[in-house]
Amino acid sequence: MIVPMVTWAAPVKIKFSHVVAENTPKGQAAVKFKELIEQRLPGKVVVEVYPNAQLFGDNKVLEAMLLGDVQMAAPALSKFQKYTKQLQIFDLPFLFDDLEATERFQNGPAGQGLLGSLSKKGLVGLGYLHNGMKQLSASDPIITPTDARGKKFRIMTSDVLQEQFDAVDAVPLKKPFAEVFTLLQTKAIDGQENTYSNMYSQKFFEVQEHITETNHGLLDYLVVTSAEFWMGLPEEMREEIHTALNEAIAHGNQLAFEFDARDRQAILDSGKSKIHTLTPQQREQWVESMRPVWKKFEKEIGADLIDAAVKSNQK
Ligand code: SIN
């Protein structure tokens, strides 16, 4: 009897690892990406999403990617400084007026050029994904820069963010996202900076009585993969995956605007955390204290790039 030989290739597996909850812009973008891939490339590509740092924490995921243990991730732009200095631009305090300005910069030639800034390190930037503008939370009210003096703030692994808190004589501590709630709860630190969606979904608001609406910085992401994985895919499949990813990113970006307002309201409704808005004079004090940080990083980032970002504030 002749047994017909049936051969089929195993589907390509994409492990997508991230550190936030599913009910966030990034969490939802990853879910959307999985859905689109399942619809469009059934049996050919499988996406497994690992939220909440289940697979890798934010300080390990890029190393794991280069080793082939994970194929996609979307770390905060603040977490790439080991791989490129140029992305530090996104951490400069009071650079972008709002998320729309950020979008204009990211979609323009300068922002698009930055997607390739990781190529020498074997990583490919596939697209920007929003979360939102950062606010300050603390156990005491922090209204003017002097209120931050001597207080310990958790920051992401970014020297710009370190300088930003040094500029107001606070004590910045680089810690992984997954540890922040416990650090706040046990009062090992006094505060942190983050978006409303992260503060809500990680329950930071339950252990931080005060939030100051500073909008002083940006929390956005870069969706990345390794060049080895990406270039190893057949071209047609790569294009289909990239198209699906771009659609998932657009979905996440739209949700970023909605979730920011939704989660701000949810925090207010909880009654657990007070949101302080700043007068223009108070805000100006923060700007004056933190703006000198730009100069310190101008050489590494590039003055032209900073100029392009500043111009994106014009509608
Ligand atoms: C994230 O939104 O991915 C984490 C942000 C943080 O580390 O604060």
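It should be noted that the structure appears before, not after, this text.
Below you will find a few notes about this structure. The residue numbering used here restarts from 1 in each chain and proceeds along that chain's sequence as written. The predicted origin of the model limits local features to residues at a pLDDT of at least 70 and limits the giving and counting of side-chain atom pairs to 80 or more, whereas totals for whole chains, interfaces and linings rest on all residues. Values reported for side chains reflect all heavy atoms of the structure, with hydrogen atoms and water molecules removed beforehand.

**As for the environment of valine 124**
Every helix listed is a DSSP run of H or I at least four residues long, and every strand listed is a run of E at least two residues long, numbered separately from the N terminus. Checked against the element boundaries, valine 124 lands in strand β4 (residues 123–138). Judged by relative accessible area, valine 124 falls into the partly exposed class, the value being 21%. Sequence separation between valine 124 and lysine 32 is 92 residues; the distance between their C-alpha atoms is 21 Å. Here a residue-residue contact requires only that any non-hydrogen atoms of the pair lie within 4.5 Å. Among residues more than four places away in sequence, those in contact with valine 124 are Val223, Val224, Thr225, Ser226, Ala227 and Trp230. Only protein chains enter the calculation, and the probe is 1.4 Å; a residue is then buried if its accessible area is under 20% of its type maximum, exposed if over 50%, and partly exposed in between.

**Concerning the site of the ligand**
Residues are counted as near a molecule or strand when any one of their heavy atoms sits within 4 Å of it. Every residue near the ligand is listed here: Val19, Val20, Lys26, Asp58, Lys79, Arg154, Met156, Phe177, Asn194, Asn198, Leu219 and Tyr221. In the environment of the ligand, an oxygen atom lies 2.7 Å from a nitrogen or oxygen atom belonging to the side chain of lysine 79. Nitrogen and oxygen atoms within 3.5 Å of one another constitute a polar contact, given that in protein one can donate a hydrogen and the other can accept it, and given that sequence-neighbouring residues count only through two side-chain atoms. In the model, an oxygen atom of the ligand is placed 2.9 Å from a nitrogen or oxygen of the asparagine 198 side chain. The accessible surface values rely on the Shrake-Rupley method and a 1.4 Å probe; as for residues, cover is taken only from the protein chains in view. Contact with the protein chains covers 100% of the free accessible surface of the ligand, which is 260 Å². Method remark: on a 1 Å grid restricted to protein atoms, a set of points is classed as a cavity if a 1.4 Å probe fits but cannot get out and as a pocket if it is open with protein on both sides within 12 Å along at least five of seven lines; lining residues have an atom within 4 Å of a point. Molecule-in-pocket calls rest on the fraction of atoms, with more than half required to lie within 2 Å of the cavity or pocket grid points. When each cavity is represented as a set of grid points, the ligand is found to reside in the largest cavity.

**Brief notes about a negative patch on the surface**
Two distance rules govern patches: like charges are joined within 9 Å, and nonpolar side chains (Val, Leu, Ile, Met, Phe, Trp, Tyr) within 5 Å, applied only to residues with over 30% relative accessible area and no salt bridge. Whenever a carboxyl oxygen of Asp or Glu lies within 4 Å of a side-chain nitrogen of Lys or Arg, that contact is scored as a salt bridge. Charge convention: Lys and Arg are scored as positive, Asp and Glu as negative, and His as well as the terminal groups of each chain are ignored. Taken as the charge centre is NZ of Lys, CZ of Arg, CG of Asp or CD of Glu, depending on the residue. A surface patch of like charges, here negative, comprises Glu235, Glu236, Glu239 and Glu240. Within the secondary structure layout, glutamate 239 lies in helix α9 (residues 235–270). The partly exposed category is assigned to glutamate 239, whose relative accessible area is 48%.

**Quick word on the packing of helix α11 (residues 293–301) against helix α12 (residues 303–311)**
Relative placement of two packed helices is described by the angle separating their axes and the distance separating the axes. In this analysis, axes come from line fits to C-alpha atoms, helices being fitted only over the stretch in contact, and the angle between any two N-to-C directions falls in the range 0 to 180 degrees. At a minimum axis separation of 7 Å, α11 and α12 run at an interaxial angle of 115°. From α11, Trp294, Glu298 and Ile301 reach across to α12, where they touch Ala303, Leu305, Ile306 and Val310.

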